[in-house]
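Each chain is listed here by its residues.
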Amino acid sequence: MNEDSPASPAPEQASTDTPISMEEQTIPAAEATVENESVAANESVEADLASLRQENEVLRGQYMRIAADFDNFRKRQQRETEDLRLQLICSTLSEILPVVDNFERARQQLNPEGEEAQGLHRSYQGLYKQLVDVMKQLGVSPMRVEGEAFNPSLHEAVLNEPSDKYPEDVVIEELQRGYHLDGRVLRHAMVKVSMGPGPSGATNDSNSDAATAEGEGNTNG
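The structure contained in this document is the topic of the report that follows. (Residues numbered from 1 in each chain as written. Predicted model: local features only at pLDDT ≥ 70, side-chain atom pairs only at ≥ 80, totals over all residues. Heavy atoms only, no water.)

## Regarding the overall build of the protein
When its secondary structure is counted, the protein shows 3 helices and 6 strands. For the protein, the N- to C-terminal ordering of α and β elements is α-α-β-β-β-β-β-β-α. Put simply, the protein has 221 residues, and 17% of those count as buried. For the protein, the accessible area works out to roughly 17300 Å², and carbon and sulfur atoms hold 53% of it. (Helix = DSSP H or I, 4+ residues; strand = E, 2+ residues; numbered from the N terminus. Buried < 20%, exposed > 50% of the residue type's maximum accessible area, 1.4 Å probe, protein only. Areas by Shrake-Rupley, 256 points an atom, 1.4 Å probe, with all protein chains shown as cover.)

## Some points on the sheet that holds strand β5 (residues 184-187)
The 3 strands lie next to each other as β1-β4-β5, forming an open sheet whose pairing is antiparallel. Each end of this open sheet is capped by a strand with a single partner; those strands are β1 (140-142) and β5. Averaged over all pairs of adjacent strands, the angle between their axes in this sheet comes to 40°, without regard to strand direction. Both strand β4 (residues 179-181) and β5 contribute to a ladder of 3 bridges, which runs antiparallel. Directly across from Y179, in β5, lies its bridge partner R187. (Pairing = 2+ DSSP bridges. Axes fitted to C-alpha atoms, helices over the stretch in contact; angles between N-to-C directions.)

## A closer look at the sheet that holds strand β2 (residues 155-161)
If you walk across this open sheet you meet the 3 strands as β2-β6-β3, and the pairing is mixed. The outermost strands of the open sheet, each flanked by one partner alone, are β2 and β3 (171-176). Recorded for the sheet is a direction-independent mean angle of 30° between the axes of neighbouring strands. Note: β2 against strand β6 (residues 189-194), 6 bridges, orientation parallel. In the sheet register, E161 faces β6, and the bridge partner there is S194.

## Side note on the nonpolar core
Counting 13 residues, the largest nonpolar core has L93, V100, M135, V140, Y179, L181 and L186 as its most contacted members. If you tally residues by element for this core, the top one is helix α1 (residues 22-109), at 5 residues. Apart from the residues within four sequence positions on either side, M135 is in contact with L93, I96, L97, V100 and V140. In this structure, M143, V171, A189 and V191 belong to the second largest nonpolar core, which totals 6 residues. (Core = buried A, V, L, I, M, F, W, Y, C linked by side-chain atoms within 4.5 Å. Contact = heavy atoms within 4.5 Å.)

## Structural notes on the packing of aromatic side chains
In this structure the tally under the stated criterion is 2 aromatic pairs. On the numbers, 5.2 Å between centres and 10° between planes, the contact of F103 with Y124 is stacked. On the criterion of sequence distance, the pair formed by F103 in helix α1 and Y124 in helix α2 (residues 115-137) is long-range, its members being 21 residues apart. Per residue, the accessibility class of F103 equals that of Y124, and both read buried. One aromatic cluster in this structure is built from F103, Y124 and Y128. (Phe/Tyr/Trp six-rings, centres within 6.5 Å; stacked < 30°, edge-to-face > 60°.)

## Here's the deal with unusual backbone geometry
In the Ramachandran plot, D169 falls in the positive-phi region, its phi being about 65° despite a non-glycine side chain. Mapped onto the secondary structure, D169 falls in the loop between β2 and β3. Although it is not a glycine, D182 adopts a positive phi angle of roughly 55°. On the secondary structure map, D182 appears in the loop between β4 and β5. Using a relative accessible area of 53% as the deciding quantity, one classes D182 as exposed.

Structure, rendered in structure tokens:
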């Protein structure tokens, strides 16, 4: 080799910066777009979910109001039906009570003599007992008023008279029996009411007081 020949130029060093292709440049942008779309989709789903929850609360409130209104309507219908039933029973029984009164009067007045009359009386008593049993089954019960304090919600005062036995405003006598129906008044009792001791009683009390005072005066003297 000729030592004087010029040295061949050194090969250029390969560049370390590899050129980026267009496809590689679009990947980050696509990923960012997908991420943005995912975020937007999540936000849309959350908004739809919140809207559905709100709508559900509105519908639930409407349902609760409708259910409460229906329950009130059902209870009101039951009360009205029960009131109507009781009104019909009261109306029917009010027509029967005079028959019961007649049985009561006959029972008090009859005093059968002889075997035939007693047999007829026993038959009558059987019919009366059957009638009373039917009334009991329907919830009817008689009032017991004699000796009780007068109560205008239960009694109808027909007569008033003085009485040394009963104080004022106490029932002396039952003139027509009253009846209850399941705790409510079916018919008021017609009664005679005490006015308390009469004038004679008051005079006697005054004389007694005067005698007591005189006796005490004599004792002190």
